[in-house]
Amino acid sequence: MGQWCEIRPKTKRKHSWLFAHYYEFPSERADGMWYTAFLFRDADRTAFGIHEILGQSPHQNDLRHMATRVVVDAAYRKSMLSDRPELPKWWKRH
């Protein structure tokens, strides 16, 4: 029963990327650890990215910095692009 929150990058640069932060509390998980997924997709829903963090909950400011970097740094963005079939399903409601 995790939480889903929109992330807005810090840049004013025009872009077609959407960002979200999905997280689960340790009490919600069998392993008792924080789970965070930094997620992004393009407006056409043809490209999806994810960066997963286990064991800590990053600060919202750090996630906004990651979103900004995805917008401005193509190599960084490419390193997180994924063809995992569940990603379009996760975004279906958002």
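Refer to the structure presented above.
Residues numbered from 1 in each chain as written. Predicted model: local features only at pLDDT ≥ 70, side-chain atom pairs only at ≥ 80, totals over all residues. Heavy atoms only, no water.

1. As for helix α1 (residues 60–72)
When the terminal C-alpha atoms of α1 are compared, their 19 Å separation across 13 residues agrees well with the 18 Å that a helix rising 1.5 Å per residue should span. Restricting attention to buried positions, one finds in α1 the residues Leu-63, Met-66, Ala-67, Thr-68, Val-70 and Val-71. If you follow the buried residues of α1, they end up packed against β1 (3–7), β2 (17–24), β3 (35–42), β4 (48–54) and α2 (74–80). (Helix = DSSP H or I, 4+ residues; strand = E, 2+ residues; numbered from the N terminus. Expected span 1.5 Å × (residues − 1). Buried < 20%, exposed > 50% of the residue type's maximum accessible area, 1.4 Å probe, protein only. Contact = heavy atoms within 4.5 Å.)

2. Quick word on the layout of surface pockets
Taken as a whole, the largest pocket encloses approximately 210 Å³ of empty space. In terms of lining, the largest pocket is formed by 14 residues, of which the most central are Glu-6, Ile-7, Arg-8, Leu-18 and Phe-19. Of all elements in the fold, only β1 and β2 reach the threshold of two or more residues within the lining of the largest pocket. Per element, the largest residue contribution to the lining of the largest pocket is 4 residues, and it comes from β2. Partitioned by chemical class, the residues of the lining of the largest pocket number 8 nonpolar, 3 polar and 3 charged. (1 Å grid on protein atoms, 1.4 Å probe; cavity = no way out; pocket = protein on both sides within 12 Å on 5 of 7 lines; lining within 4 Å. Points joined across faces, edges and corners; volume = space filled by probe spheres on them. Nonpolar A, V, L, I, M, F, W, Y, C, P; charged D, E, K, R; others polar.)

Limitation: the analysis is restricted to geometry and does not speak to function.
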